[in-house]
Amino acid sequence: GDSVTQMEGPVTLSEEAFLTINCTYTATGYPSLFWYVQYPGEGLQLLLKATKADDKGSNKGFEATYRKETTSFHLEKGSVQVSDSAVYFCALSDHFGNEKLTFGTGTRLTIIP
Amino acid sequence: DSGVTQTPKHLITATGQRVTLRCSPRSGDLSVYWYQQSLDQGLQFLIQYYNGEERAKGNILERFSAQQFPDLHSELNLSSLELGDSALYFCASSVAPGTQNTEAFFGQGTRLTVV
């Protein structure tokens, strides 16, 4: 079945550092790929998505590119802020994000001032 | 605010008991999903309803059941509760399956503690 493997955390960075959180997937067909973020005490929010190979999703300075050849969707940000501290989940779905999501284990990110 | 409302926010109950979690989807959304988030299993898909009908089933135990009512709100029933059922239960909603360029919106979750 479908699966998502995500970089183990926790990750601690200083403010303005470069961030990469690795994500690889296994799926049949052509899944859509997502990054969700969970702030303390809140539900999950969609951060960005990509629905086909070579698409780049971007939002709030975060980016991720759908790489079919390496089955990856790594999350990057050039300069992190304290407010980026949260848990980040990589996920995939079969059809345009409206079917069930398969999540990675989540990566807890802490940014130190 | 995602527009998805879950009640209650917190629930503490004893082993063997039965509880009902409620979810009101965003206005206009027809599809409802339930997920369980636990420390050992991570975030797992339980079940999906679309316009009142079950559409997909994931790792949902037989002790758990769900339904979606005509007004589109959904309830997740958990019975014969065990300590291992303690988790955060999320509801999400979306417009309809297979619709391009839309997303699932998540509620804030119900934290269930079984003692």
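Residues numbered from 1 in each chain as written. Chains lettered and ligands numbered in written order. Predicted model: local features only at pLDDT ≥ 70, side-chain atom pairs only at ≥ 80, totals over all residues. Heavy atoms only, no water.

Peer 1: Can you help me understand the packing of aromatic side chains in this one?
Peer 2: Here the distance between the centres and the angle between the planes together describe a pair of aromatic rings. Counted under the stated rule, the structure contains twelve aromatic pairs over all chains. Ring geometry for Phe64(B) against Tyr89(B): centres 6.5 Å apart, planes inclined by 70 degrees, an arrangement best described as edge-to-face. Here Tyr89(B) lies in strand β9 (residues 87-94) and Phe64(B) lies in strand β7 (residues 64-68), a separation of 25 residues in the sequence. For the pair formed by Phe64(B) and Tyr89(B), the shared burial category is buried. Here the aromatic cluster, defined as three or more aromatic residues joined through ring pairs, consists of Phe34(A), Tyr36(A), Phe89(A), Phe103(A), Tyr35(B), Phe45(B), Phe90(B) and Phe106(B). (Phe/Tyr/Trp six-rings, centres within 6.5 Å; stacked < 30°, edge-to-face > 60°. Helix = DSSP H or I, 4+ residues; strand = E, 2+ residues; numbered from the N terminus. Buried < 20%, exposed > 50% of the residue type's maximum accessible area, 1.4 Å probe, protein only.)

Peer 1: Teacher, can you tell me more about the pairing of strand β5 (residues 32-38) of chain A here?
Peer 2: A regular strand places its side chains so that they alternate between the two faces of the sheet. Residues and elements named next belong to chain A. The buried fraction of β5 amounts to seven of the seven residues, a majority that puts the element mostly inside the structure. Residues Ser32, Phe34, Tyr36 and Gln38 of β5 are buried on one face, and the alternating residues Leu33, Trp35 and Val37, pointing to the opposite face, are buried as well. Bridge count between β5 and strand β10 (residues 86-93): seven bridges; the pairing is antiparallel. The partner of Tyr36 across the bridge, within β10, is Phe89. Pairing between β5 and strand β6 (residues 44-50): six bridges, direction antiparallel. The residue of β6 that forms the bridge with Tyr36 is Leu46. (Pairing = 2+ DSSP bridges.)

Peer 1: What exactly am I supposed to notice about unusual backbone geometry here?
Peer 2: Leaving glycine out, the prevailing phi sign among residues is negative, and the prevailing peptide bond configuration is trans. Residue Pro10(A) is reached from Gly9(A) by a cis peptide bond, and omega for that bond is -10 degrees. With respect to the helices and strands, Pro10(A) occurs in the loop between β1 (3-6) and β2 (11-14). Following Thr7(B), the chain continues to Pro8(B) via a peptide bond in cis, the omega torsion being -10 degrees. The topology assignment puts Pro8(B) in the loop between β1 (5-7) and β2 (10-13). At Asp54(A), a position not held by glycine, the phi torsion is positive, near 75 degrees. Relative to the elements of secondary structure, Asp54(A) occurs in the loop between β6 and β7 (56-59). Backbone geometry places Lys60(A), a non-glycine residue, at a positive phi of 55 degrees. Structurally, Lys60(A) can be placed in the loop between β7 and β8 (62-65).

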